[in-house]
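Each chain is listed here by its residues.
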Amino acid sequence: MIFALHVTRSLHEVLSIEHIHEICRYIYNIQNEDGGWGTHTLGPSSMFGTCVNYATLRILGEVLDGENDALSKGRAWILSHGTATAAPQWAKIYLSVVGAYDWSGNNAIIPELWMLPHFLPIHPGRFWCFCRMVYMPMAYIYGKKFVGPITPTILAIRNEIYNIPYNEIDWNKARNSCAKEDLIYRRSWLQSVALAYLNNFVEPLSNLWPMNKLRERAMSNLMEHIHYEDENSNYVGLCPINKVLNMICCWIEKPNSHEFRQHLPRIHDFLWIAEDGMKSKVYVGCQSWETALIVQAFCSTGLTEEFCSTLQKAHQFLQNAQITEDIPNYKSYYRERTKGSWTLSNGENVWAIADTNAEALKAILLLSDIPSELVGNTIKQERLYDAIDCLLSFVNKDGTLSSAECKRTTSWVEFINPSESFRNIIVDYPYPECTSSLIQVLILFRDKCPMYRREEIDKIIKSGASFIEKVQRKDGSWYGSWAVCFTYATFFGIKGLADAGRTYQNSLPIRKACNFLLSKQLATGGWGESYLSCQTEEYVDSGRPHAVQTAQAMLALLYAGQVEQDPAPLYRAAKELINMQMENGEFPQQEIVGNFNSSLFFNYPNFRNLFPIWALGEFRRRLLAKKS
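Residues numbered from 1 in each chain as written. Predicted model: local features only at pLDDT ≥ 70, side-chain atom pairs only at ≥ 80, totals over all residues. Heavy atoms only, no water.

Q: Just checking my understanding: could you explain the overall build of the chain for this structure?
A: Counting its regular elements, the chain contains 27 helices and six strands. The C-alpha atoms of the chain give a radius of gyration of 25 Å, which matches the 25 Å a tight globule of 628 residues would have. Taking the principal axes of its C-alpha atoms as reference, the chain extends roughly 80 × 55 × 45 Å. A total of 628 residues make up the chain; the buried ones form 60% of that total. (Helix = DSSP H or I, 4+ residues; strand = E, 2+ residues; numbered from the N terminus. Rg over C-alpha atoms; globule rule 2.2 N^0.38 Å. Buried < 20%, exposed > 50% of the residue type's maximum accessible area, 1.4 Å probe, protein only.)

What follows is the structure, given as structure tokens:
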């Protein structure tokens, strides 16, 4: 964001002195002891994190002098770990845009790839939406080789992040250099050959007549798609990365254009002030996702009458957040239907997220069981059917659910992943967590509307449950792709199978999952899983209880029937949660729990309260039922 505002000369128009002060304070607060910055706040120093945070501080006016020990240590880390020539692809692109890295040191991002026939598996329109929406503006910026204003600060950064003069750097050698700290996805020999071909033959030819005519057409096509995305997301975008890259593209096409000006006020949608300073959210918000889960937590307590005003407001929000129309001509722009869907946030960016659809609809259906005088009017049946129709349109052919859209291409296409920093970004794979949400809501809907698309729904439930069983690990766990990690996914895995009719008595996967969770329970009664589990793909115990993970493990055991088998582990877990609650009623903010691509981590702000409420409420309600 800071780079984009700098190159479009909008920094001080959008950010006040107070904004800049708080952003700098945040960056200094998350600096590691060795002087570097991680790619995420808990991680060890990386070239990606250190280069972009160092350059951001300098662009924001921080001065490298004898008094700024933090900047001096940051620079020393960069120079001692290979200099900025060893930055990974995304950092190279960002630095190139501001003029602190030469475009010739980047591997080609070919705009013409978007001109291929759509039926080909490697067409970007078949990529995971987050991947294609980021690489679309990257391809345009690369095609233009755009560089922002070369200010004295940028010239100084050039001198500070390399150990030889800028004009003496071997950019061809730098192109494929990547620091070991950043190397998460190693290129195959086939990918290296393909990149060499693109860099040495395709890219030079694209700038010569007549191939440059195709380049012009490809660039025009990209801008058409970028404008479509901007207009239909109300200039919020799918995520902050594609939002600010699109903003740069609008500036390149025409500085200070109407389209560019529309972007500027939406920067503030992403800014978040916290105790440690101002940061950017990884998404414009997760209001629909968290509200849907909060509703389920409240319903689990059996105290809905006591909190009916809260539930009424949540009910109204979810109804208002549902998208009621399809965006125009969506298939031509590689989009799915949106009518009847929910976004992760409040609906404004009009990007349907598949499992949010399922969880929001589940919350709506649960609220329909409560008298309307308590929680407000139920949703119209037409909109209920729209929600189901939209959700079913996202379902893969094998009855599974991916994160945002259907799986559009084959897994072997992952070999063209150009980023060293992120794994599995090309394909929108099916996930056990998402498929569990799908099963749960379809079963709930089938009970309410038993005749609507019944045969199809029955088949999906059966296939989805089989998929969850198939991807269970030998130790009984499931690997989680959307939070940390095995605890989270095992909660969803058990809940989906339990709703589909599996029980502790009749299901070996359920029993194995319970044994897995019980084997990870700490002596104090809680659970605590480290974010490192996502990276190692093996359970890593953090050694201390975490309120969210304790609640998720507790819920999983409850849904599996642990109360009937042996309630002692649940009593111990409940005691742990009760002891963790603070005087004001909240639960503590602990280590981050959100994850994607096995390498990026973030927080859901309401998880720390909603999951303990859910677990304690569910346990209390079941104990009362058992007693009666």
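Q: Help me understand the layout of surface pockets, please; the structure alone is not making it clear to me.
A: A water-sized probe, rolled over the atoms, reveals where empty space remains. Volume-wise, the second largest pocket comes out at about 620 Å³. Looking at the second largest pocket, it is lined by 23 residues, and the ones nearest its centre are Ala 108, Ile 110, Leu 113, Leu 198 and Ile 416. Listed by contribution, the elements that provide at least two residues to the lining of the second largest pocket are helix 7 (129–144) and helix 10 (189–206). By residue number, the principal contributor to the lining of the second largest pocket is helix 10, which donates six residues. For the lining of the second largest pocket, a count of residues per class yields 20 nonpolar, two polar and one charged. (1 Å grid on protein atoms, 1.4 Å probe; cavity = no way out; pocket = protein on both sides within 12 Å on 5 of 7 lines; lining within 4 Å. Points joined across faces, edges and corners; volume = space filled by probe spheres on them. Nonpolar A, V, L, I, M, F, W, Y, C, P; charged D, E, K, R; others polar.)

Q: Just checking my understanding: could you explain the domain arrangement of the chain for this structure?
A: How big an interface is tends to be expressed through the accessible area that disappears when the partners come together. Segmentation of the chain into domains returns domain 1 (1–280), domain 2 (285–412 + 422–471) and domain 3 (476–627). The C-alpha-based centres of domain 1 and domain 3 are spaced at 38 Å. Contacts between domain 1 and domain 3 engage eight residues on the former and nine residues on the latter. Across the domain 1/domain 3 interface, buried area totals approximately 670 Å², and carbon plus sulfur atoms make up 75% of it. Along the contact surface separating domain 1 from domain 3 lie zero salt bridges. Tallied by class, residues from the side of domain 1 that touches domain 3 come to four nonpolar, four polar and no charged. (Domains from an automatic or database assignment. Contact = heavy atoms within 4.5 Å. Buried area = accessible area lost by both parts, 1.4 Å probe. Salt bridge = Lys/Arg side-chain N within 4 Å of Asp/Glu carboxyl O.)

Q: What is the right way to look at the packing of aromatic side chains in this model?
A: Each aromatic ring pair is specified by the distance between its two centres and by the angle formed by the two planes. In this structure the tally under the stated criterion is 34 aromatic pairs. Ring centres of Trp 103 and Tyr 142 lie 5.9 Å apart, and the angle between their planes is 80°; on these two criteria the pair is classed as edge-to-face. Within this pair, whereas Trp 103 is found in the loop between helix 6 (89–98) and helix 7, its partner Tyr 142 is found in helix 7, the two being separated by 39 residues in sequence. Residue class for Trp 103 comes out buried when judged on its relative accessible area of 7%. It is Lys 145 that lies over the ring of Tyr 142; its NZ or CZ is 3.9 Å from the centre. For the cation-ring pair, Arg 335 lies above Trp 351, with the distance from its terminal atom to the ring centre recorded as 3.6 Å. (Phe/Tyr/Trp six-rings, centres within 6.5 Å; stacked < 30°, edge-to-face > 60°. Lys NZ or Arg CZ within 6 Å of the ring centre and 35° of its normal.)

Q: Which parts of the structure should I look at to understand the pattern of salt bridges?
A: Note on pairing: side chains with opposite charge can pair once their charged atoms come close. Taken as a whole and assessed by the stated rule, the structure comprises 29 salt bridges. The salt bridge partner of Glu 181 is Lys 180, with a shortest N-O separation of 3.2 Å. The exposure class of Lys 180 is exposed, given its relative accessible area of 69%. Where salt bridges share partners, they join Glu 112, Lys 145, Glu 203 and Arg 215 into one cluster.

Q: I tried to follow the UniProt feature "domain: Squalene cyclase C-terminal" (unreviewed entry) in the chain on my own but got confused; where do I start?
A: As annotated by UniProt and renumbered to match this structure, "domain: Squalene cyclase C-terminal" (unreviewed entry) occupies residues 289–621. Structurally, residues 289–621 comprises 51% helix and 2% strand, and the distance from its first C-alpha atom to its last is 24 Å. (UniProt positions renumbered as here; feature names shortened; annotations may be inferred.)

Q: How do you make sense of the side chain of His 225 when you look at a structure like this?
A: Note on placement: His 225 falls in helix 11 (residues 211–232). We classify His 225 as buried; its relative accessible area is 6%.

Q: Can you walk me through the pairing of strand 3 (residues 271–274) in this structure?
A: Each regular strand displays side chains that alternate between the two surfaces of the sheet. With four bridges connecting them, strand 3 and strand 4 (residues 277–280) associate as antiparallel partners. Across the sheet, Trp 272 pairs through a bridge with Lys 279, a residue of strand 4. Where strand 3 hands over to strand 4, the hairpin turn is made up of two residues, counted between the paired strands. (Pairing = 2+ DSSP bridges.)

Q: Explain a nonpolar patch on the surface to me, please; I cannot follow it from the model alone.
A: A surface patch of nonpolar side chains, about 340 Å² in accessible area, is lined by Leu 205, Leu 208, Met 211 and Leu 214. Relative to the elements of secondary structure, Leu 208 occurs in the loop between helix 10 and helix 11. Take Leu 208: its relative accessible area is 49%, and that puts it in the partly exposed class. (Patch = residues over 30% accessible without salt bridge, like charges linked within 9 Å, V, L, I, M, F, W, Y side chains within 5 Å. Areas by Shrake-Rupley, 256 points an atom, 1.4 Å probe, with all protein chains shown as cover.)

Q: I keep staring at empty space enclosed by the protein and nothing clicks. Help me out?
A: Applying the stated criterion to the full structure yields five cavities of 30 Å³ or more. Of all the elements in the fold, those that place two or more residues in the lining of the largest cavity are helix 24 (547–560) and helix 27 (607–627). Classifying every residue of the lining of the largest cavity gives six nonpolar, four polar and two charged.

Q: Sorry, what's going on with the packing of helix 16 (residues 354–367) against helix 19 (residues 432–448) here?
A: For any two helices packed against each other, the geometry comes down to the angle between their axes and how far apart the axes lie. Put simply, helix 16 and helix 19 touch, their axes get as near as 9 Å, and they point 35° apart. For the pair helix 16 and helix 19, the crossing hand works out as left-handed. Packed against helix 16, whose contacting residues are Asp 355, Ala 358, Glu 359, Leu 361, Lys 362, Leu 365 and Leu 366, the element helix 19 presents Cys 434, Ser 437, Leu 438, Gln 440, Val 441, Leu 444, Phe 445 and Lys 448 at the interface. Its residues assigned to classes, the contact of helix 16 with helix 19 shows nine nonpolar, two polar and four charged. (Axes fitted to C-alpha atoms, helices over the stretch in contact; angles between N-to-C directions. Left-handed = near helix turned anticlockwise from the far one by under 90°.)

Q: I would appreciate a short explanation of helix 16 in the present structure.
A: In an α-helix, one turn spans 3.6 residues, which is why side chains three or four residues apart end up on the same side. For helix 16, which comprises 14 residues, the first-to-last C-alpha distance of 20 Å matches the rise-based estimate of 20 Å (1.5 Å per residue) to within 8%. Among the 14 residues that make up helix 16, 13 are buried, leaving the element largely enclosed by the rest of the structure. (Expected span 1.5 Å × (residues − 1).)

Q: Is there a simple way to think about the nonpolar core in this case?
A: Proteins that are soluble and globular tend to have nonpolar side chains buried together. With 205 residues, the main nonpolar core has Leu 442 and Phe 611 as its most contacted residues. Once you skip the residues sitting within four places of it in the chain, Phe 611 turns out to touch Leu 293, Phe 491, Val 548, Ala 551, Gln 552 and Leu 555. Among the nonpolar cores identified, the runner-up in size contains six residues, and Tyr 228, Ile 323, Ile 327 and Val 350 belong to it. (Core = buried A, V, L, I, M, F, W, Y, C linked by side-chain atoms within 4.5 Å.)

Q: How do you make sense of the UniProt feature "domain: Squalene cyclase N-terminal" (unreviewed entry) in the chain when you look at a structure like this?
A: Annotation from UniProt places "domain: Squalene cyclase N-terminal" (unreviewed entry) at residues 16–273. Between the C-alpha atoms that bound residues 16–273 the distance is 14 Å, and the span itself is 53% helix and 3% strand.

Q: Would you explain unusual backbone geometry in this entry?
A: A negative phi angle is the norm for most residues apart from glycine, just as the trans form is the norm for most peptide bonds. Backbone torsion omega between Trp 209 and Pro 210 reads 5°, so that peptide bond is classified as cis. Take Pro 210: it is sitting in the loop between helix 10 and helix 11. Within the chain, Asn 256 stands out as a residue other than glycine whose phi angle is a positive 60°. A residue is classified by how much of its surface remains accessible, and Asn 256, at 46% relative accessible area, is partly exposed. A positive phi angle is found at Asn 329, which is not glycine, with a value near 50°. Within the secondary structure, Asn 329 is located in the loop between helix 15 (308–321) and helix 16.

Q: Explain helix 6 here, please?
A: Where burial is concerned, most of helix 6 is hidden: ten out of the ten residues are buried. Listing the buried residues of helix 6 in full gives Gln 89, Trp 90, Ala 91, Lys 92, Ile 93, Tyr 94, Leu 95, Ser 96, Val 97 and Val 98. In this structure, the buried residues of helix 6 make contact with helix 1 (2–7), helix 4 (47–59), helix 7, helix 8 (152–160), helix 9 (171–175) and helix 12 (240–253). Positive phi shows up at Gly 99, right after helix 6, with a value of about 95°.

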